[in-house]
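Summary of structural features
Residue-level listing of the chains:
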Amino acid sequence: MSVEVVRAGRTGCLVRLAVVVVGVGLLIHGTVRGTDDLWPFGPMSQYAMSVPGDTSIDSIRVVALTDAGTTVDVPLDTNGAGVRRAEIEARTSAIVADPSLLQSVADDWARKHPDKPRYVRLELVRDTTTLVRGRVSGHPASKVLAVWQVR
C-alpha cells in the first residue's frame, strides 16, 4: 500500500505562518502588557517564582453551613459551585466589603445540585500556612474574613 504525500500549497503555508505569527504576538503582548485574565495568552506569573524558605502562604476558601446542619468546604470549580477559586481570590477584598457577593455561590450551587443540601450560611476564610526553612511549621491558621446568611 502506497501513501501519497500531499504538500501544502503557497496559500496553505502563508495561512499557517500567519496563525503562528498572530499566536506568538498574542503571547508576547500578554506577557509584556497583560494580566492573568488574558489566559492562555497572559503571563503565567503565579507559576514563575519560588517561595522563600521563611514565609507565610495564604489560601482562600469558602465554607458553607447547609440546611442539613453540616459544615462543608464549597467546591470552587465550575462543576461544584460554578465559580473557580481564582475568581474568589481575585475578588476577596470586594467580598469582604460586600459579603452579599457570596449569594451567587449559593444560588449556583442550588441550581447545579438540586438534590444536595442547600447552603444557608457562607464564610470566606483565609488559611495562612507558615514555612520555616521551606517546611510547614504547625497547622494553618484560619481567619473568617466575611460571613453571609443566604437568602
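Up top you'll find the structure we're talking about.
Below: a short report on this structure. The shown structure was predicted, so the numbers you read here are calculated from the model rather than taken from an experiment. Note on numbering: residues in each chain are counted from 1, in written sequence order. At least 70 in pLDDT is required for a residue's local features to be given in this predicted model, at least 80 for side-chain atom pairs to be given and counted, and no such filter applies to totals for whole chains, interfaces and linings, which use all residues. Only hydrogens and water are set aside; all other atoms, that is, all heavy atoms of the structure, feed into the side-chain values.

1. Side note on the overall build of the protein
Within the protein one finds four helices and five strands. Note on method: radius of gyration uses C-alpha positions; expected globular size equals 2.2 Å times residues raised to 0.38. In terms of overall size, the protein is more extended than a compact globule, its C-alpha atoms giving a radius of gyration of 23 Å where 151 residues would be expected to give roughly 15 Å. Projected onto its principal axes, the C-alpha positions of the protein cover 70 × 45 × 40 Å. Counting across all 151 residues of the protein, residues that qualify as buried make up 25%. Of the contacts formed within the protein by residues at least 6 apart in sequence, a portion of 58% connects residues at least 24 apart. The method behind every accessible area is Shrake-Rupley, applied with a 1.4 Å probe, and residues are considered shielded solely by the protein chains displayed. Accessible surface for the protein amounts to roughly 10,800 Å². Of this, 57% is attributable to carbon and sulfur atoms. Working convention for charge: Lys and Arg count positive, Asp and Glu count negative, and His plus the chain ends are omitted. Lysine's charge is taken at NZ, arginine's at CZ, aspartate's at CG and glutamate's at CD. Across the protein, the centroid of the 18 positively charged side chains sits 5 Å from that of the 16 negatively charged ones. Helix and strand definitions follow DSSP, with helices as H or I runs of at least four residues and strands as E runs of at least two, each counted in order from the N terminus. Accessible area is worked out with a 1.4 Å probe on protein chains only. A residue is then buried under 20% of its type maximum, exposed over 50%, and partly exposed in between. Contact criterion: two residues are considered in contact whenever any of their non-hydrogen atoms come within 4.5 Å of each other.

2. Quick notes on the nonpolar core
Joining through side-chain atoms within 4.5 Å is the link that ties buried Ala, Val, Leu, Ile, Met, Phe, Trp, Tyr and Cys residues into a set, and such a set is a nonpolar core. Core analysis: the largest hydrophobic core is formed by 20 residues, its most contacted members being Val62, Val74, Ile88, Val105, Tyr119, Leu122 and Leu124. If near-sequence neighbours (up to four positions away) are discounted, Leu122 is found in contact with Val62, Val63, Ala64, Val74, Leu102, Val105, Ala106, Ala146, Val147, Trp148 and Val150.

3. Notes on unusual backbone geometry
Phi is positive for Arg133, which is not a glycine, with a value near 50 degrees. Given the relative accessible area of 72%, Arg133 is considered exposed.

Read these as spatial facts, not as claims about activity.
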